[in-house]
Structures are given as C-alpha cells and as structure tokens.
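For reference, the chains in residue letters:
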Amino acid sequence: STVILFSKSKMPPTGKRPGSKTEDSSAEFDRYFSQQWGVARWRTVAKALQKETAHVALLNQFASDSMALDGMKPSLFVGNIKCFRLPKSAAASAGAQPELDVKTALRTHYWMDLASVYPVVLLDAQPGMTVLDAAAAPGGKSLVLAHQMFTPSRRTAPSAASLQGPCGQQQQQQEQEQQQGIGEHHVSEPEGGLQGQGTVEGCMAGKVCSGQDVECQGPGAPAATAAAGAAGLAGEGLTNSGRVPSTARSGGLLMVNEPDATRRTRLQRVLTEYLPHALVAGSAGAAAGKRSNVGAVRVIGHEAEKYWSRHESERYDRVLLDAPCSNDRHIVQQSCARRGLIPARDWSLLQCRQLAALQLQLLLAGLRALAVGGRLVYSTCSLAAMENDGVVSKALERYPNVCVVMPKHPNYYPASLADQHVSLQETFSPEATKHGVLLMPDLCGHGPIYVSVLEKRESQPQETGCNPANAGPGQEQTDED
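Here we summarise the structure given alongside this text.

Calculation criteria
Residues numbered from 1 in each chain as written. Predicted model: local features only at pLDDT ≥ 70, side-chain atom pairs only at ≥ 80, totals over all residues. Heavy atoms only, no water. Salt bridge = Lys/Arg side-chain N within 4 Å of Asp/Glu carboxyl O. Helix = DSSP H or I, 4+ residues; strand = E, 2+ residues; numbered from the N terminus. Buried < 20%, exposed > 50% of the residue type's maximum accessible area, 1.4 Å probe, protein only. Pairing = 2+ DSSP bridges. Axes fitted to C-alpha atoms, helices over the stretch in contact; angles between N-to-C directions. Contact = heavy atoms within 4.5 Å. Left-handed = near helix turned anticlockwise from the far one by under 90°. Nonpolar A, V, L, I, M, F, W, Y, C, P; charged D, E, K, R; others polar. Core = buried A, V, L, I, M, F, W, Y, C linked by side-chain atoms within 4.5 Å. Polar contact = N/O pair within 3.5 Å; in protein donor to acceptor, adjacent residues only side chain to side chain. Phe/Tyr/Trp six-rings, centres within 6.5 Å; stacked < 30°, edge-to-face > 60°. Lys NZ or Arg CZ within 6 Å of the ring centre and 35° of its normal.

What follows concerns the pattern of salt bridges. Applying the stated criterion to the full structure yields 10 salt bridges. One salt bridge connects Arg41 with Asp442, and the closest N-O pair in it is separated by 2.8 Å. One end of the pair, Arg41, is in helix H2 (residues 39–49); the other, Asp442, is in helix H14 (residues 441–444), and 401 residues separate them in sequence. A relative accessible area of 22% places Arg41 in the partly exposed class. The class for Asp442 is partly exposed, based on a relative accessible area of 23%. Arg269 is paired through a salt bridge with Glu273; the nearest N and O atoms lie 3.2 Å apart. On the criterion of helical spacing, the pair formed by Arg269 and Glu273 is a turn pair, its members being 4 residues apart in helix H7 (residues 261–274). Taken together, the shared-partner salt bridges in this structure form one network comprising Arg41, Glu431 and Asp442.

And the structure:
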C-alpha cells in the first residue's frame with residue numbers, strides 16, 4: 001500500500017501561496033505535522049489516518065420503542081444516545097443505506113464516526129432549551145441533539161444545579177426567565193427542501209460555506225418540499241408517523257443552520273428521514289400540528305459569521321459549532337489513492353490560515369449568540385493547532401467573559417453524565433491540549449476530533465469583538481500558532 005513519506009527536515013513550514021492548484025503540497029503537509037507532533041508520533045498518527053473510518057450506527061429511537069439492530073454490538077450508551085458497531089466480519093457493510101422502520105417509516109439508524117458524538121455529549125443539550133447547531137450539515141450531530149432534547153425518556157427540564165458549570169453559578173431567576181422565554185425568540189422561517197438526490201451520510205468529507213446569504217422562501221415552499229419527501233416514503237409503502245414526544249411541546253427549540261443550499265437540501269432530507277414530520281418545521285406533519293411548538297427542529301440558511309455577529313445576541317442556551325475545517329483524515333486517505341500526492345487545492349498552509357480566520361469569525365459570532373450561563377462547544381476534524389487551540393485563544397482574547405471548561409477540568413462532564421465519565425474517558429481517550437481535547441485515531445480508533453468547551457460567565461460589555469473586520473483573513477494569514 002502507498003504510504004506517506006515523512007520529511008526529517010526541521011525547517012519551519014513557509015505557508016507560501018502555491019504556484020497552482022495542482023502543485024504537490026505533500027512535503028509541506030508532512031513537514032508541518034512532523035513539526036507539530038514530532039516525527040515519531042506523526043508516523044503513528046498518519047498510519048492510523050490511513051485506515052478506513054470505523055463507523056457506528058446511531059440507533060434512531062424515534063423509529064421504534066423496542067428495536068434492536070440485528071448482529072450489531074453495543075459501542076456507546078450515553079443517556080438517550082445509543083451507538084452500535086458491526087462485528088469485524090461484517091464491517092464492509094457499514095455505511096449501507098439503513099432500512100425504513102415499518103411502524104414509523106423512519107430510518108432505523110444513522111452511520112457516523114463515533115468521535116462525532118463526543119462534542120454533542122459535552123454540549124449537554126436538555127429538554128426545554130433553545131439550541132443552535134451553527135454548521136449542521138450533513139446532519140449526524142443534529143440527530144444526536146434531537147435525541148438529547150426530544151426523545152420520550154427525557155421528559156423533564158433540567159434543574160438549576162444541572163445547568164451550573166465550573167465557570168460560575170446561574171441565578172435561579174435567569175433560568176426561569178430563559179425557560180419562560182424559550183421558543184418565543186424571533187427566528188427565520190425554515191428553508192431548504194427535499195428535491196435533491198441527497199443520500200444519508202455519516203461521515204464528513206469537509207465543509208464548504210456558500211459565500212452568499214440565503215433568504216427565506218416563505219412558508220409555502222418548505223411545506224411543498226416536505227410533501228415531496230413524504231411522497232418518496234409513500235413510494236416505499238410507508239408514511240412518516242414517528243412519535244412526537246412530550247418534550248417537543250414543552251418549549252424546546254433546535255435551530256439547525258447550513259448556509260450552502262445543496263448541503264442544506266441534503267440536511268433537510270436527513271432530518272425528514274429520521275425525525276417525525278411533526279417535529280421538523282416545514283414538513284406536512286408540522287404544518288398540520290395544533291400543539292404548541294410542534295416543529296421544534298427548524299432548518300435555516302444563514303452565513304453564521306455574519307448573521308450571529310449582528311442578530312440574536314445571547315439567545316441560545318447551547319451552541320454547537322462544528323466548524324468548516326481541513327479534514328486531515330480525508331486528505332491522508334486521498335493521498336494514499338494518489339500515491340502520496342496532495343494537490344494544493346486540497347490542502348496548503350495558506351488554506352489552513354484562511355480557514356482559521358473563518359473559524360474565528362464563526363466562533364465569535366457563536367459566543368455572541370450564547371446566553372449568559374450557557375455553553376458553546378467548538379469542534380473540528382482537523383489536527384492543525386492553528387485551527388483548534390489557535391482559534392480558541394484568539395476568541396478568548398476578545399471575550400474575557402468566557403472561560404474554558406476543558407482541559408482545566410479534565411474529568412469534567414455535565415452533571416447529567418457524571419456517572420458515565422469513566423466510560424467516556426475509556427472509549428475516547430481524550431488527549432488534553434491548551435484549550436480543549438483531541439480524540440486521536442491512534443489512541444481510540446476514531447476521529448480525529450478537536451473539542452473545546454466554553455461557558456459564558458456574564459454579558460459582554462462591548463460587542464466589538466464580533467466585528468468581522470477584526471478577524472479578517474488578512475490578519476489571520478500573518479499569524480502562526
């Protein structure tokens with residue numbers, strides 16, 4: 001098999017503009033990560049990255065009350081999140097299109113990298129909260145969020161104690177005001193549709209932002225596209241009638257954002273295939289629902305770094321930012337298929353710096369949207385420090401009212417998961433960094449995933465830190481982390 005060559009040069013990477021999009025960046029790639037990790041560790045990591053992603057099946061508990069995945073073994077059970085793995089003898093079938101449950105016409109399970117569950121677990125979204133998934137496509141993390149917030153076994157809102165993190169205590173009055181105001185904030189109408197040919201995807205092969213704001217289409221279009229999706233299910237002899245849990249009517253709201261129209265269409269399709277229609281805004285079931293807050297999962301199409309830098313300040317109890325990044329596992333696997341070649345269009349240090357500049361803008365906007373006492377989880381699938389700790393460091397400079405939960409509290413997990421922290425540590429073997437943790441494929445067999453957990457202690461006195469002009473690409477390209 002093709003292996004990546006490892007340079008022993010200690011010359012610092014230059015990050016100069018490549019001569020062409022097809023110019024080979026493999027030496028620069030190798031040199032950068034050898035410098036960051038050390039040659040020996042990077043050899044081990046790169047070898048692990050060459051292996052196929054070991055997907056697990058997220059059980060869709062909206063599909064049936066007592067469904068088991070035949071032949072699969074338990075992989076991770078955390079709260080309402082239940083993941084299964086195939087035995088090695090059947091691993092080749094991982095990623096196959098899941099069947100439709102005969103009772104509800106919902107897909108039975110969703111294939112994803114187990115490491116992708118970790119950021120959502122640490123976010124600890126609870127029933128009754130207002131939650132933003134700021135960069136949601138392809139949709140796996142949004143499904144995990146929906147399981148945290150809306151599955152029937154989680155019927156009660158969290159207590160004040162469960163919402164108080166290491167950064168400080170939330171006042172009971174603030175919590176009551178948030179609970180009373182949940183679901184009453186102004187939000188855009190859902191967008192997107194189901195006309196595309198999107199397939200259910202469990203792993204991310206890089207995210208691309210659209211570069212233009214997407215205006216709402218009005219209430220008519222989403223209903224029509226959802227009807228098309230329902231017609232597709234009917235073609236298989238089924239209709240979507242998944243259970244609408246009581247928590248969907250108790251004020252909880254999940255805003256699912258994706259700026260790119262094509263990816264948003266695919267995202268809408270995933271949500272429609274896995275969640276009850278009455279739960280997803282814009283679907284025929286939600287349009288017909290008369291109960292309060294039916295349609296609690298809403299798809300929107302904002303450029304997050306622009307929209308939330310100006311709108312909806314301190315509106316969300318939880319914010320998940322799975323930022324666009326350089327997907328290093330994908331880069332390595334594509335390199336193996338190209339006999340070690342890494343075209344500059346796929347990876348370069350300049351490209352990493354440009355991504356880091358965008359990531360900072362996204363993080364600043366997400367922090368502005370985060371309510372006092374709330375929690376934001378920032379994650380990437382990159383190994384590059386400039387896209388991980390480097391971004392968080394710059395955000396903390398602009399937001400002194402925000403603190404890092406991990407790794408200062410390395411064994412910290414939300415109160416609702418306190419009895420499961422040992423299992424999580426053993427499953428993921430998180431490796432501490434300056435402002436977060438990395439799940440490394442050479443240690444846990446999954447990932448890579450970088451995660452930083454941030455909490456807002458108080459309101460920002462001046463909101464100049466979210467001005468995109470303060471975090472432009474020109475500035476970020478001169479920094480090296």
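Moving on from the model shown.
With antiparallel pairing, the 4 strands of this open sheet are ordered in space as E2-E3-E1-E4. The sheet is open, and its two borders are formed by strand E2 (73–78) and strand E4 (109–113), each paired with just one other strand. Averaged over all pairs of adjacent strands, the angle between their axes in this sheet comes to 35°, without regard to strand direction. Sitting on the sheet, helix H4 (residues 140–150) is in contact with strand E1 (55–59), strand E3 (81–85) and E4, with an inclination near 120° to E4.

In a pair of packed helices, the angle between the axes and the distance between the axes together describe the arrangement. Where helix H1 (residues 26–37) contacts H2, the axes come no closer than 7 Å and their chain directions differ by 120°. The two elements H1 and H2 cross, and the hand of that crossing is right-handed. Listed contacts from H2 to Phe29, Asp30, Phe33, Ser34 and Trp37 of H1 are Val39, Arg41 and Trp42. By residue class, the composition of the contact of H1 with H2 is 5 nonpolar, 1 polar and 2 charged.

Bringing the nonpolar core into the picture now. Counting residues in hydrophobic clusters, the biggest one holds 55 residues, and the most contacted among them are Phe150, Leu254, Leu271 and Leu275. Once residues lying within four places of it in the same chain are set aside, the contact partners of Leu254 are Val131, Ser142, Leu145, Ala146, Met149, Phe150, Ala296, Val297 and Arg298. Grouped together as the second largest cluster of nonpolar side chains are 52 residues, Trp37, Trp42, Ala356 and Val391 included.

A few words on the side chain of Asn60. Among the secondary structure elements, Asn60 is positioned in the loop between E1 and E2. Within the structure, the side chain of Asn60 is placed 2.9 Å from the backbone oxygen of Tyr274, a separation counted as a polar contact.

Let us look at the environment of Ala304. As for its position among the elements, Ala304 is in helix H9 (residues 304–307). Residue classification places Ala304 among the buried positions, given a relative accessible area of 6%. Spatially, the C-alpha atoms of Ala304 and Pro259 are 7.7 Å apart, while their sequence positions differ by 45 residues. With near-sequence residues (within four places) excluded, Ala304 lies in contact with Ala134, Asn257, Ser309, Leu362 and Ala365.

In this section: the pairing of strand E6 (residues 253–257). Among the 5 residues of E6, 5 are classified as buried, and the element is accordingly described as predominantly covered. Side chains of E6 alternate between two faces, with Leu253, Met255 and Asn257 and Leu254 and Val256 buried alike.

A word on H4. Of all 11 residues in H4, 11 are buried, a share of seventy percent or more. Regarding H4, the residues found buried are Gly140, Lys141, Ser142, Leu143, Val144, Leu145, Ala146, His147, Gln148, Met149 and Phe150.

On to the packing of aromatic side chains. Scanning the entire structure with this criterion turns up 12 aromatic pairs. Measuring from ring centre to ring centre gives 5.0 Å for Phe29 and Phe33, while their planes differ by 65°; the resulting arrangement is edge-to-face. Here the residue Phe29 and the residue Phe33 both occupy positions in helix H1, the gap between them amounting to 4 residues, near one helical turn. Neither Phe29 nor Phe33 differs from the other in exposure class; each is buried. Their ring planes at 70° and their centres at 6.2 Å tell us that Tyr378 and Tyr450 sit as a pair that is edge-to-face. With a gap of 72 residues between them, Tyr378 in strand E9 (residues 370–380) and Tyr450 in strand E13 (residues 449–456) connect regions that are remote in the sequence. No difference in accessibility class separates Tyr378 from Tyr450, as the two residues are buried. In this structure, Lys82 is placed above the aromatic ring of Phe77, and the distance from its NZ or CZ to the ring centre is 5.6 Å.

Another point: the pairing of strand E8 (residues 316–322). The buried count for E8 comes to 7 of 7 residues, which makes it a mostly enclosed element. Sheet analysis places strand E5 (residues 130–133) next to E8, joined by 3 bridges and oriented parallel. Each residue of the ladder has a partner; that of Asp133, found in E8, is Leu320. In this sheet, E9 lies alongside E8 in parallel orientation, the contact comprising 6 bridges. Considered in E9, the bridge of Tyr316 is made with Leu370.

Don't take any of this as a statement about function, it's just geometry.
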